[in-house]
Every structure is written in structure tokens, then in C-alpha cells.
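An overview of the molecular structure
Next come the chains, spelled out residue by residue.
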Amino acid sequence: MTSKTFLSICLILGVFCAFSEGLYFHIGETERKCFIEEIPDETMVTGNYKLQLFDPRTGGFMPSSPGLGMHVEIRDPDDKIILSRVYSSEGRFTFTSHTPGEHVICLYSNSTKWFSGSQLRVHFDIQVGEHAIDYANVAQKEKLTELQLRVRQLLDQVDQIAKEQNYQRYREERFRQTSDSTNQRVLWWSISQIGILVGMGFWQMRHLKSFFEAKKLV
Amino acid sequence: MEKVWLLVAVAASVVARAAAVELTFELPDNAKECFYEEIEKGTECTLEYQVVTGGHYDVDVLVEGPARQILYREIKQQYGQFQFTPDHTGTYQVCFSNEFSTFSHKLIYVDFQVGDEPQLPGVGEHFTAMTQMESSSQKVHENLNSIIDYQTHHRLQEAQSRKRAEDLNERVLFWAVGETLGILVIAVGQVMILKNFFADKKSNQAAY
């Protein structure tokens, strides 16, 4: 076995070992769980997951459920679906955002049951931006020394910071527009409310006056 | 020799079990969501959470250890941070509860960090001291991490303020339209009722 193959096998094993035992939560078989990621544009997001089915015989969760699949649906801020695929019970998905904003990542199993079946344990890990970059892979592919790799990492981090700052400017503009709109609406409403009150007052008096004149009471 | 280094690296990645997950999820009303993680003893863990939108911007948080002992419990908090180093290896759970609310969904941001950040491959495996270049680049990396952290907090605060402003904007519109209709209805209604009073009297007088 060449040392390159050995290295890649070790890296793959290392990567798998690192995330297969991460954070997990329980959902019903027919339930949907959604996560929201507010990210700038051109940002890569990677999600690792593992699905385990509850085993009523042992009272625990089966270590692997090959028949089960995970449906991953990702919507962009304009509510358009950018990814909607069924993956196997264990794997990873990646997407890159093209518009800045809130992306919704929904996970649900492809179970065909109509009522809520058994419980599912979902191990989930999501990494955004420069956290999603696998530096071991980069170092191996581009043959970088440690210092070069560190500089590459710093460059990626600074890039992400710059993107986030840019997105922050865009959000702040939206916020300012909303506040301006509220300000205008309150102003117009106050003026029109005074106008309506005065107008209704006049109408009432005129209407009643003509009513009483007709009744010969005035 | 290279293979030994690789084995050490793989072993380190398995044992170190360092992970940081940031999640933003929606907590429906009257619901409780729990997240679990297997943590080795001695790994320093940090939990940070913030309610981004919803209701009165509060949530109940509960952190329990493997023996169901309560490590951290807060009622109706808007944001918080909790650092702990577990004494026992086992499954730790973090639960967020919105059971006290009847109709407001809450958007919760959680940052659960277990252990230290995984090092770059190759760094930290030397037996010699780091050069000045390496140590200053490490310092820059830590500072950038802290900038990214501040940016995240800023983003959450801004999201909260912006959503409040958008809510306010919508409410002002509804309120304005509603009150206009109310004024019109009352004005016309008053005139109708007054006319009604006088009309009855007139018909009564006519009857006699």
C-alpha cells in the first residue's frame, strides 16, 4: 500500500471518527426538523448527519439502518428550493449560497408511514464558511507546509469576515428602510387621523342639524 | 516514521473529540427541544444561547448530566452562557423549553462547543518550540476567531432588532387601518342611534 493511499485512508477515518459521535437529537419518523442559517452570499455550508432508528427489541438505537434515507431540503431567502434530495441514512451534504440571507435547512426521513412511527436519532453537525474547509485535505492536495497552511487558514478567515461585514451593511440598510417606513407610516396616520376626526365631526353636526331642522325642533 | 505520525494524528482526532456546533432553530409554542452529546470527562464545554425572535424573547434552559443531575437551569432567559467541565463521561443533554408560552414561536440560537478547536494538521505535533512566525500567526488566528465570534453576536442582535422593527411596521399599518374603520363606524353609529331616539319619540307622539 503506498503511503499516499495510507494517508488518505487515515484522513478519511479521522474525519469519520470526528463527526459520527457529535451532537444528536430525536425526532419522530414523520416529523420535520428545520434549522436556519443566516449567511452572506458565496458561503459554503457543509452538514454531516447520521440517522438511527429506534429498536424496540433492545430499547436502544440500531447502530446503522441501511434502509432508511434522509430527505434534505434547503431553501434560499427567496423561498426557492436550492437542494431537495434523499440521501442515505448517513452522509454529508454541501451547498453554496448565492444570495445573502436566511437559508432554511430541513431534514426529515423518507419514511412512508402516515402516522408518527418510531423515534429517530439524528446526529447532526453543520459547519459554515471557513469552518467547512478541511485543511488536512487542502494541505495534502496543494502540498503546503504548516506555515503556508496557517496563512491559508488566516486568509480564509479574513475573507469570511469581509463577506460578513458586507452582508451586515446590506442588513443594516434593510433595517434603516424598515424604520424609515414606520416613521412615515406613523406620520401619515397621525395627520390623516386628525383629518378624519375633524371631517367626521363636521359631517355629524351637519347631518344632525339638517335632521333636526326637518323635524322642526331647531 | 511518516506512518507513525499519521497513526498519531488519527488517534488524536478520535480521542480529542473536539466539536463546535452552531444551530438556529425554531421552537414552537408549548414545545421542548433537547440536544444530546456524549462528552468525555475533563473536556471543557461551553454552551451559549440567545433568543433571536418571538414573544417576550425568553426561554427556559436546562442542562443535565448523565445521572440526570441538573448542571444549569435558567427560567425565562433571553441569552446566556454556561461553561462547565464534566466530571463523568456520559450523555449530557441541553433542553430548551417554550412550554410557558401559548402562542409564540421562538427562534433560538445555540452554540455548543465541546473541547478546544481542532488544531491544523501538523501544528502541535512538534517536540520543538514554535518559531516567532508560527506563534504570531497562531495569535492572529485566535484574534480572528474572536472577531468572528463578535460578528456572530452582532448579527444576532441586529436580527433581533430588525425583526422587532419589521413587526412594529406591520402593527402600525394594521392599527392605522383598524382605527380608521373604528372611527368611521362609531361616527356613523352615533348619528344613527341619535336619529333613532328622536324617531321613536315622534312615532309615540303620533300614536297619542
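Structure shown above.
Residues numbered from 1 in each chain as written. Chains lettered and ligands numbered in written order. Predicted model: local features only at pLDDT ≥ 70, side-chain atom pairs only at ≥ 80, totals over all residues. Heavy atoms only, no water.

**Some points on the overall build of chain B**
Formally: A run of DSSP states H or I qualifies as a helix once it reaches four residues; a run of E qualifies as a strand once it reaches two. Both are numbered from the N-terminal end. For the exposure calls, accessible area comes from a 1.4 Å probe over protein chains only, and a residue counts as buried if that area is under 20% of its type's maximum, exposed if over 50%, partly exposed in between. Here, residues are in contact when the closest pair of their heavy atoms is within 4.5 Å. A 1.4 Å probe and the Shrake-Rupley method give the accessible areas. Residues count as covered only by the protein chains that appear here.
Scanning chain B from terminus to terminus reveals two helices and eight strands. Mapped in sequence order, the helices and strands of chain B form the string α-β-β-β-β-β-β-β-β-α. Out of the 208 residues belonging to chain B, those deemed buried represent 39%. Here the contacts in chain B between residues at least 6 apart in sequence split such that 78% fall between residues at least 24 apart. For chain B, the exposed surface amounts to about 12,100 Å²; the carbon and sulfur share of it is 58%.

**Some remarks on the pattern of salt bridges**
Basically, it comes down to this: We define a salt bridge as a side-chain nitrogen of Lys or Arg found within 4 Å of a carboxyl oxygen belonging to Asp or Glu.
Counted according to the given criterion, the structure contains 13 salt bridges over all chains. For Arg75(A), the salt bridge is made with Glu73(A), and the minimal N-O distance between the two is 3.3 Å. By relative accessible area, which is 25% here, Arg75(A) ends up partly exposed. What makes Glu73(A) buried here is its relative accessible area of 8%. Residues Arg174(A) and Glu166(B) are paired through a salt bridge, measuring 2.9 Å at the closest nitrogen-oxygen approach. Of this pair, Arg174(A) sits in helix 3 (residues 146-214) while Glu166(B) is found in helix 2 (residues 132-207), placing the two residues in two different chains. One salt-bridge network, in which partners are shared between bridges, spans Arg32(A), Glu73(A), Arg75(A) and Asp79(A).

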